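# Notes for the structure review
One-letter residues, chain by chain:
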Amino acid sequence: MQYLPVCLRLQDAPVVLVGGGTVATRKARLLLRAGANVTVVAPEISAELEQLLADHGGVWQQSRYRETDLHGKKLAVAATPERATNKQIYQHAMALSLPVNVVDAPELCSFIFPSIIDRDPLLIAITSSGKSPVLARILRRKIEATIPTAYGRLADFAGRFRQLVKDSIPRATPRRLFWEQAMEGTLAEQVLAGREQQAEAQLRERLREREQDTRALHGGEVYLIGAGPGDPDLMTFKAARLLQSADVVLYDRLVSPVIVEMARRDAQRIYVGKKRADHTVAQTDINQLLLELAQQGKRVVRLKGGDPFIFGRGGEEIELLAKHRIPFQVVPGITAANGAACYAGIPLTHRDYAQSVRFVAGYLKGNKVEHDWSEFQSTTETLVFYMGLVGLPVICEQLQAHAGRSPDTPVALVERGTLLEQRVLLGTLATMADVVERERPTAPTLIIVGDVVRLHTDLSWFGES
Ligand code: SAH
C-alpha cells in the first residue's frame, strides 16, 4: 500500500488553496463541502470560484503566493499553472509538516484526493494511488450505480441508534451480528423506503426479542466455503458475503491470498495447510479446531480450494459439527476441473467427443494409483485427474496397459489453473511423462485425458496481442 486512506475532519479548519482556475474551483468545492474554512490565494479567480466562496463564507486573498500564506493552516492545496510555484508550496508545506496536495503532481503530494461516492454520512473513496485516476473514476461510476442514494439515510439511522444498541448488547461480536442482520434485512428496506418510524419500532422489538434468544448469545456457526480454483473472481456471491461475516477464517494452501484478504480486517486468520502424505493427524486437528471455535460462539469460515465436497474432505469436517449440533452451511465452489478446463479452452464434454466426464483421484499409494483401471476404457469419457502430478507416469502407463487406451490419446496438464501463471502442457499418453519431466510444472496441477483435449485453444487470456 502506498497510501493509507483516512478520513480527515476539516470542519472549521483553516485551509489554504493556491490557484484560482477550474481545477482550483473543483478542489474548493470539495473542501467547502467538508466544512473547511478556505482561503484562496491567487491574483485572479474564476467567477464561479468567487461565487462559491461568497456562498460558503470562504475568503479570497488577491495576491501571489508567499510562504507566510501557509502559516496557521491545517492543510494546503496547490493548483497553480506554474510548476515552480507548486514545487515551492510543496517544499514550504513539508518544512512546516503541513499535509499538502499539488494537483496532478503525485510526487509533490503528501496526500491525494480519492474519487468519492457521496452518500453522506456514508462515503466511499476510491484511489488508484495516483496511477490511473481514470480507472478510479470508472470504478466509481460502477459502484455509484449500485448504491441507492438512500444509503446515506440508512447510515444516519444506524448512527442514531448506535448507543442504544451498544447499551443493550455490550459484547462486540453479537452486537456486530445484530447490526449485520439489521442492515441487510427488512429493517434496512424500511429505512430505504422512507418508513423510519416502522424501522425504529422493528429495531426496538428485535432488541427485546434477542434478550430472550439464547442462541444469539451463545451460538457459533461454521461455514464451509468453496473458494474456487484460484482466480478470486470465481468465488460465489454467497461465499464472499459469508467470508466477510467471519470472526475466524481457516484456510489452506490452495486458497489465494487475495481471497483470504477479503475477510474483515480484524478477523483472525488461521493457516491449516497440509503437507502431502501427512493428512490424517492434521485433518482431525482441523475438525476439532472448527468445533472448538464454534463452541466459543464464533462465526467460523473454513475456506477450501475449489468445491468443498470434491476431494476436499468437507464431509468429514461437518460430521463432527453435526454430532455436536453446531449449525453449519456448505457453500459450493467451482471445482478445479471446471475452472481449469474453461480457462484452458477444453470443453470437458464436447458432444462430438465425450458423453461423460469423470473426476478421479490420482495420488499414489505406495507406488500405485489405486483404481480398477478397466473402468476407464470408454473413449467417450473424459478423465480428469486431481492430485496426479507425482503419479502421472503411472496413470499414463496404466491407462494404456489396463484400460486399453491408445498411446495417442491426448493429454493436457493444467498448471495453476485460472491463475495468472496458468500454463497448459500438451502431450499424449505416450509422451506426457517426458513433457512433464522436461517442463517441471509445480502444483497444483490437473490432468485431463481424452479427445476433448484436441479442442484446446490458446485463448491468450492475459492479453499480449
Ligand atoms: N476441492 C478441490 C480439490 C482439492 S484436491 C476442488 O474442488 O478443486 C487438490 C487438487 O486439486 C490438486 O492436487 C490439483 O490436482 C487440483 N487443483 C486445485 N486447484 C487447482 C488449480 N488452480 N489448477 C490445477 N489444479 C488444481
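Residues numbered from 1 in each chain as written. Predicted model: local features only at pLDDT ≥ 70, side-chain atom pairs only at ≥ 80, totals over all residues. Heavy atoms only, no water.

## Details of the sheet that holds strand S11 (residues 299–304)
This is how the line gets drawn: Pairing between two strands is assigned when DSSP locates at least 2 bridges connecting them. By the criteria applied, helices consist of DSSP H or I runs no shorter than four residues and strands consist of E runs no shorter than two, each listed in order from the N terminus. Here an angle of 0 to 180 degrees is reported between the N-to-C directions of two axes, which are lines fitted to C-alpha atoms, with helices fitted over the stretch in contact.
As summarised here, the arrangement of the five strands in space is S10-S9-S11-S8-S12, forming an open sheet in which the pairing is parallel. Bordering the open sheet on either side are strand S10 (268–271) and strand S12 (328–331), each of which pairs with just one other strand. Across the sheet, the mean angle from the axis of one strand to that of its neighbour is 15°, orientation sign disregarded. Summarising the sheet, strand S8 (residues 221–226) and S11 pair through six bridges and their orientation is parallel.

## A look at the packing of aromatic side chains
Note the following rule: Whether two aromatic rings pair depends on their centres lying within 6.5 Å, for rings of Phe, Tyr and Trp, where Trp uses its six-membered ring; planes under 30 degrees apart make the pair stacked, over 60 edge-to-face, and the rest tilted. For every residue, the accessible area obtained with a 1.4 Å probe (protein chains only) is divided by the maximum for its type, and the residue is called buried under 20%, exposed over 50%, and partly exposed between those limits. Consider the ring centre and the ring normal. A charge sits over the ring if Lys NZ or Arg CZ is within 6 Å of that centre and within 35 degrees of that normal.
Considering all chains together, one arrives at nine aromatic pairs under this definition. Taken together, a centroid distance of 5.4 Å and an interplanar angle of 70° make the contact between tryptophan 373 and phenylalanine 376 edge-to-face. With respect to class, tryptophan 373 is no different from phenylalanine 376; both count as buried. By the ring-pair criterion, three or more aromatic residues cluster together here, those being Phe311, Phe359 and Tyr386. Lying across the ring of phenylalanine 113, lysine 27 places its NZ or CZ 4.4 Å from the centre.

## Comments concerning the site of the ligand
We apply this condition: Proximity is defined per residue: if any heavy atom of the residue lies within 4 Å of a molecule or strand, that residue is considered near it. Here the term charged refers only to Asp, Glu, Lys and Arg, the term nonpolar to Ala, Val, Leu, Ile, Met, Phe, Trp, Tyr, Cys and Pro, and the term polar to all other amino acids, Gly among them. The source of the domain bounds is an automatic or database domain assignment.
Lining the immediate environment of the ligand, one finds 17 residues, of which Asp307, Ile310, Thr335, Gly417 and Thr445 sit closest. Split by residue class, the shell around the ligand holds 10 nonpolar, five polar and two charged. When residues of the shell around the ligand are assigned to domains, at least three fall in each of domain 3 (221–334) and domain 4 (337–459).

## Quick look at the domain arrangement of the chain
One can read the domain layout of the chain as domain 1 (14–113), domain 2 (151–218), domain 3 (221–334) and domain 4 (337–459). Summarising the inter-unit geometry, the C-alpha centres of domain 1 and domain 3 are found 50 Å apart.

## Side note on the pairing of strand S4 (residues 75–78)
Stated precisely, the cut-off is as follows: A clockwise path from the first strand over the helix to the second, with the strands pointing away from the viewer, defines a right-handed crossover.
Of the two faces of S4, the one lined by Leu75 and Val77 and the one lined by Ala76 and Ala78 are each fully buried. Crossover connection from S4 via helix H3 (residues 83–95) to parallel strand S5 (residues 100–102): handedness right-handed.

## What to know about a nonpolar patch on the surface
Convention followed: Residues enter a patch when their relative accessible area is above 30% and they make no salt bridge; the linking distance is 9 Å between like charges and 5 Å between nonpolar side chains (Val, Leu, Ile, Met, Phe, Trp, Tyr). To be clear on the numbers: accessible area is Shrake-Rupley with a 1.4 Å probe, and residue cover counts the displayed protein chains and nothing else. Salt bridge, as applied in this entry: a Lys or Arg side-chain nitrogen positioned within 4 Å of an Asp or Glu carboxyl oxygen.
A contiguous nonpolar patch, built from Met1, Leu4, Val6 and Leu8 and spanning about 530 Å² of accessible area, is present on the exposed surface. With respect to the helices and strands, the residue methionine 1 is situated in the segment before strand S1 (14–18). Under the relative-accessibility criterion, methionine 1 is labelled exposed at 86%.

## Focus: helix H10 (residues 237–244)
What sets the pattern is the α-helix's 3.6 residues per turn: residues three or four places apart point alike. Convention followed: In what follows, residue pairs with any heavy atoms lying within 4.5 Å of each other are defined as contacts.
Every buried residue of H10 is accounted for by Ala239, Ala240, Leu242 and Leu243. Its buried side turned inward, H10 meets S8, strand S9 (248–251), helix H11 (257–261), S11 and S12.

## Observations concerning the pairing of strand S17 (residues 445–449)
Along any regular strand, the residues point their side chains to alternate faces of the sheet. Extensive coverage of S17 is indicated by the burial of five of its five residues. Across the two faces of S17 the burial is the same, with Thr445, Ile447 and Val449 and Leu446 and Ile448 all buried. In terms of strand pairing, strand S15 (residues 410–415) meets S17 through five bridges, oriented antiparallel. Counterpart to alanine 412 in the pairing with S17 is isoleucine 448.

## Focus: the sheet that holds strand S13 (residues 356–361)
In spatial order, the strands read S13-S14-S17-S15-S16; together these five strands make up an open sheet with mixed pairing. Whereas interior strands pair on both sides, the edge strands pair on one side only; in this sheet they are S13 and strand S16 (423–428). For this sheet, the mean angle separating the axes of adjacent strands, direction not counted, is 20°. In the packing of helix H14 (residues 336–343) onto the sheet, the strands contacted are S13, strand S14 (381–386), S15 and S17, and the crossing angle to S17 comes to about 75°. Relative to the sheet, helix H16 (residues 432–439) contacts S15 and S16, its axis offset from that of S16 by approximately 145°.

## As for the environment of arginine 210
Take arginine 210: it is sitting in helix H8 (residues 196–212). Note on arginine 210: relative accessible area 11%, which makes it buried. Separated by 42 residues in the primary sequence, arginine 210 and serine 168 place their C-alpha atoms 9.7 Å from one another.

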